[in-house]
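Each chain is listed here by its residues.
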Amino acid sequence: MKTSWIFSALLAGAALFFLIGTLQATDTPDDRTAPQPPITEKQLRSAANNSLWRLKHAIDKEGYYAARVALNVWRSNARDAGVFDQAEYDGYKQKIYDKSIRSSLQCFEYAIQHGNVADAKICLHTWKAHSEEMGTFDPGLYEEMHKKIK
């Protein structure tokens, strides 16, 4: 009897806790409903320039995925600012893929030298995918590298 009373009290307390939390979550503060000032052209260009700097940094210092994300962020910001150039985009994309292809070849050779077949397969797959994307895939080199794994 006593345990059922305690359980009922706990259940009622939990229900009250969730009810109050739900009411607070649906409450919107007044500052969210106030209109935001429009974004200026200067702010848009500043965001595009900032994301371009981050893209160049990512290409030089970071890996493939960070650079691809930075490329997409720059493209979006440049379009918003009205300064997007497809040729410039293609050039940065080429740099990212070239770096990834070189890195994948180095990764493959290192993995083979150290007898790490699993890593060699991953590096080979990455090299193949990125070189196919850029139109530089060499089937002969791929077969030669694939034989090293076996």
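Each remark here, short or long, concerns the structure printed above.
Now for a look at the structure at hand.

The rules behind each value
- Sequence order sets the numbering: in each chain, residues are counted from 1 along the sequence as written.
- The predicted origin of the model limits local features to residues at a pLDDT of at least 70 and limits the giving and counting of side-chain atom pairs to 80 or more, whereas totals for whole chains, interfaces and linings rest on all residues.
- Note that water and hydrogens are dropped before the side-chain values are worked out from all heavy atoms of the structure.
- Salt bridge criterion: a side-chain nitrogen from Lys or Arg within 4 Å of a carboxyl oxygen from Asp or Glu.
- Helix numbering and strand numbering both begin at the N terminus, where a helix is a DSSP run of H or I of at least 4 residues and a strand a DSSP run of E of at least 2.
- Exposure is judged per residue with a 1.4 Å probe applied to protein chains only, and the accessible area is read against the type maximum: over 50% gives exposed, under 20% gives buried, and values in between give partly exposed.
- Here a pair means two rings of Phe, Tyr or Trp (six-membered ring of Trp) with centres within 6.5 Å. Their orientation is stacked below 30 degrees between planes, edge-to-face above 60, and tilted elsewhere.
- Two conditions define a charge located above a ring, namely a distance within 6 Å from the ring centre to NZ of Lys or CZ of Arg, and an angle within 35 degrees of the ring normal.

Let us now look at the pattern of salt bridges. Tallied over the full model, the rule gives three salt bridges. A salt bridge links lysine 93 to glutamate 133; its shortest N-O distance comes to 3.5 Å. Here lysine 93, found in helix H5 (residues 86-113), pairs with glutamate 133, found in helix H6 (residues 117-134); they are 40 residues apart in sequence, far enough to count as distant. When the shortest N-O distance is used, the salt bridge between glutamate 132 and lysine 128 registers 3.6 Å. Of the two residues, glutamate 132 and lysine 128 are both situated in helix H6; the distance of four residues between them amounts to about one turn of the helix. Of the residues examined, lysine 128 reaches a relative accessible area of 26% and is grouped as partly exposed.

What follows deals with the packing of aromatic side chains. This model, assessed by the stated rule, comprises seven aromatic pairs. Note on tryptophan 74 and tyrosine 92: the rings are 5.7 Å apart at their centroids and 80 degrees apart in plane angle, and the pair reads as edge-to-face. Of this pair, tryptophan 74 sits in helix H4 (residues 64-81) while tyrosine 92 sits in helix H5; the two residues are 18 residues apart in sequence, bridging distant segments of the chain. Note on tryptophan 74: relative accessible area 3%, which makes it buried. Here tryptophan 127 and phenylalanine 137 contribute two aromatic rings whose centre-to-centre distance is 5.6 Å and whose plane-to-plane angle is 45 degrees, an arrangement assigned as tilted. Residue tryptophan 127 is located in helix H6, and its partner phenylalanine 137 is located in the loop between H6 and helix H7 (139-149); the two are separated by 10 residues in the primary sequence. Since its relative accessible area comes to 3%, tryptophan 127 is described here as buried. Taken together, Trp74, Phe84, Tyr89 and Tyr92 form an aromatic cluster joined through their ring pairs. Looking at arginine 79, its charged tip hangs above the ring of phenylalanine 84, at a distance of 4.9 Å from the centre.

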